[in-house]
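# Tertiary structure, described
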Amino acid sequence: LSREMPWLRLWRAVIGCTAFCPALVAQADDAAQAALAPLQGRWQMTAIERGGQKEPNLAEVTLIFRDDRVSLNGNEVAKIVADASTEPKLIDFQVQGDAQQTVEGIYRVDGDTLEICVRVEGVKNRPAAFETAEDTNLILVKLTRKPAGE
């Protein structure tokens with residue numbers, strides 16, 4: 001039996017995959033949940049910069065992350081996908097609307113401070129750093145976590 005028939009090798013590979021693949025899916029789900037966990041809750045916008053220019057403080061803007069959804073001032077605006085296995089960490093906003101659009105970005109959480117940098121127009125090209133410059137179509141948003149109950 002040292003020479004297996006090709007169909008037998010294929011069958012063993014299929015059986016091995018069906019036993020192993022659910023574990024891979026569970027690991028991916030766990031990683032996705034772990035990436036989203038630090039984002040959960042209410043965040044108050046404290047600063048925004050676009051194209052190298054600081055925008056007026058938007059004290060009335062609140063983002064709420066709940067599971068894999070984000071709301072802006074109480075209105076759900078996007079589904080989020082995060083990947084914390086890279087540096088910087090990756091975040092995609094699948095914006096809801098007439099034509100679904102994915103906005104690619106990076107994020108970092110430091111205690112109760114969240115920074116998100118995204119490219120909002122043009123070619124899909126994820127930012128590489130937490131900075132903006134003129135003619136880049138990059139937006140850098142800084143937020144502070146709001147205590148529960150506020």
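Keep in mind the model is a prediction, meaning the values are calculated, not measured. (Residues numbered from 1 in each chain as written. Predicted model: local features only at pLDDT ≥ 70, side-chain atom pairs only at ≥ 80, totals over all residues. Heavy atoms only, no water.)

### Remarks on the overall build of the protein
Convention followed: By definition, any uninterrupted DSSP run of H or I lasting at least four residues is a helix, any uninterrupted run of E lasting at least two residues is a strand, and each is numbered from the N terminus. To sort residues, take the accessible area from a 1.4 Å probe on protein chains only and compare it with the maximum for the residue type: under 20% means buried, over 50% means exposed, and anything in between is partly exposed. Any two residues whose heavy atoms approach within 4.5 Å at even a single point are treated as in contact. Note that accessible areas follow from Shrake-Rupley with a 1.4 Å probe, and for residues the cover is restricted to the protein chains shown.
Counting secondary structure elements, the protein contains one helix and nine strands. Start at the N end of the protein and walk to the C end: the helices and strands fall as α-β-β-β-β-β-β-β-β-β. Split into buried and exposed, the 150 residues of the protein put 29% on the buried side. Here the analysis covers contacts within the protein between residues at least 6 apart in sequence; of these, 38% occur between residues at least 24 apart. Here the protein has roughly 9,900 Å² of accessible surface; of this, 54% comes from carbon and sulfur atoms.

### Details of the pairing of strand β4 (residues 69–72)
So the rule is basically this: Pairing between strands is defined by DSSP: at least two bridges between the two strands are required.
Pairing geometry for strand β3 (residues 62–66) and β4, over four bridges, is antiparallel. What sits directly across from R66, in β4, is R69. In this antiparallel pair of consecutive strands, β3 and β4, the connection spans two residues, and D67 shows a positive phi of 55 degrees. Pairing analysis gives four bridges linking β4 to strand β5 (residues 75–83), with the strands arranged antiparallel. By the bridge assignment for β5, R69 is matched with K79.

### Observations concerning the environment of L63
Locating L63 in the fold gives a position in strand β3. A residue is classified by how much of its surface remains accessible, and L63, at 12% relative accessible area, is buried. Look past the residues within four positions of L63 in its chain and what remains in contact with it is G41, R42, W43, V70, S71, L72 and L143.

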